[in-house]
Amino acid sequence: GCLVIESPLVSKHLIVTNDLVEMPNDIQFAWIGRYDNLVNSGGVKLVPEKIEQKLSDYIPYRSDVIGKEDVELGQKLVLVIEHSPYTLLPEAFGSLEKFEKPKETIFVEKFKETPTGKVLRRETINELVWKIIIVKNSIYTFYTYLLLFINILKKYSIKFLQYFSIYEVFDIRT
């Protein structure tokens, strides 16, 4: 579960973190990943950090495993690699469990990141969704991904301050 810290010198309340840990005993813990990065794919909870660790020996570039909204699975596991496209060796996925194998691999020029270089997972996947819409140039694909994007916004409690028509958003002349 998530790490809960009791430290009267820091706070009179329990400090609940989003860090997933395993505790072999009362005084030790092993960090597993972040709760807010969990991917729920078809009801199976996947920890991206564990999968990334298994893949790190086979991928020499910066990479992340993220959940991408999916109509059938809720989220599908996607491997995102910061590099130009190349073919991954099949053995790269050999150490992964059945449900840990990414359903898709996407290559990006550069991850979205904080000023300190930490990868912004949500922002990266949001940008990927919009790039796919532009590349596919299909009205059906556009509406499908628009619905997925709206679901992403709802999921992360991003509120719409104003509703725009499709014509305003894309500056379409009527």
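Keep in mind it's a predicted model, so treat the numbers as computed, not measured.

Undergrad: An account of the layout of surface pockets is requested, with residue identities and associated values reported.
TA: Here the largest pocket defines a volume of roughly 690 Å³. If you trace the largest pocket, you find 30 residues lining it, with Asp36, Asn37, Leu38, Arg121 and Arg122 closest to the centre. For the lining of the largest pocket, the secondary-structure elements that each account for two or more residues are strand E3 (30–34), strand E4 (39–41), helix H1 (48–55), strand E6 (63–70), strand E7 (74–82), helix H2 (121–136) and helix H3 (139–155). Among the elements that take part in the lining of the largest pocket, E6 stands out by supplying six residues, more than any other. Each residue belonging to the lining of the largest pocket can be placed in one class, and the counts come to twelve nonpolar, six polar and twelve charged.

Undergrad: A description of the side chain of asparagine 37 should follow, citing residues and the corresponding values.
TA: One can find asparagine 37 in the loop between E3 and E4. Those residues in contact with asparagine 37, other than ones at most four positions away along the chain, are Pro48, Glu49 and Arg121.

Undergrad: Would you mind going over the packing of aromatic side chains in detail, with residue names and values included?
TA: Inspection of every chain in the model, using the stated rule, returns two aromatic pairs. An angle of 65° between the planes, with centres 5.5 Å apart, marks the rings of tyrosine 61 and tyrosine 86 as edge-to-face. You can see tyrosine 61 sitting in the loop between H1 and E6 and its partner tyrosine 86 sitting in the loop between E7 and strand E8 (104–108), a full 25 residues away along the chain. Its relative accessible area of 33% is what places tyrosine 61 among the partly exposed residues. On the basis of relative accessible area, tyrosine 86 is assigned to the partly exposed category, the value being 26%. An aromatic cluster is present here, built from Tyr61, Tyr86 and Phe107 joined pairwise through their rings.

Parameters and conventions
- Residues numbered from 1 in each chain as written.
- Predicted model: local features only at pLDDT ≥ 70, side-chain atom pairs only at ≥ 80, totals over all residues.
- Heavy atoms only, no water.
- 1 Å grid on protein atoms, 1.4 Å probe; cavity = no way out; pocket = protein on both sides within 12 Å on 5 of 7 lines; lining within 4 Å.
- Points joined across faces, edges and corners; volume = space filled by probe spheres on them.
- Helix = DSSP H or I, 4+ residues; strand = E, 2+ residues; numbered from the N terminus.
- Nonpolar A, V, L, I, M, F, W, Y, C, P; charged D, E, K, R; others polar.
- Contact = heavy atoms within 4.5 Å.
- Phe/Tyr/Trp six-rings, centres within 6.5 Å; stacked < 30°, edge-to-face > 60°.
- Buried < 20%, exposed > 50% of the residue type's maximum accessible area, 1.4 Å probe, protein only.

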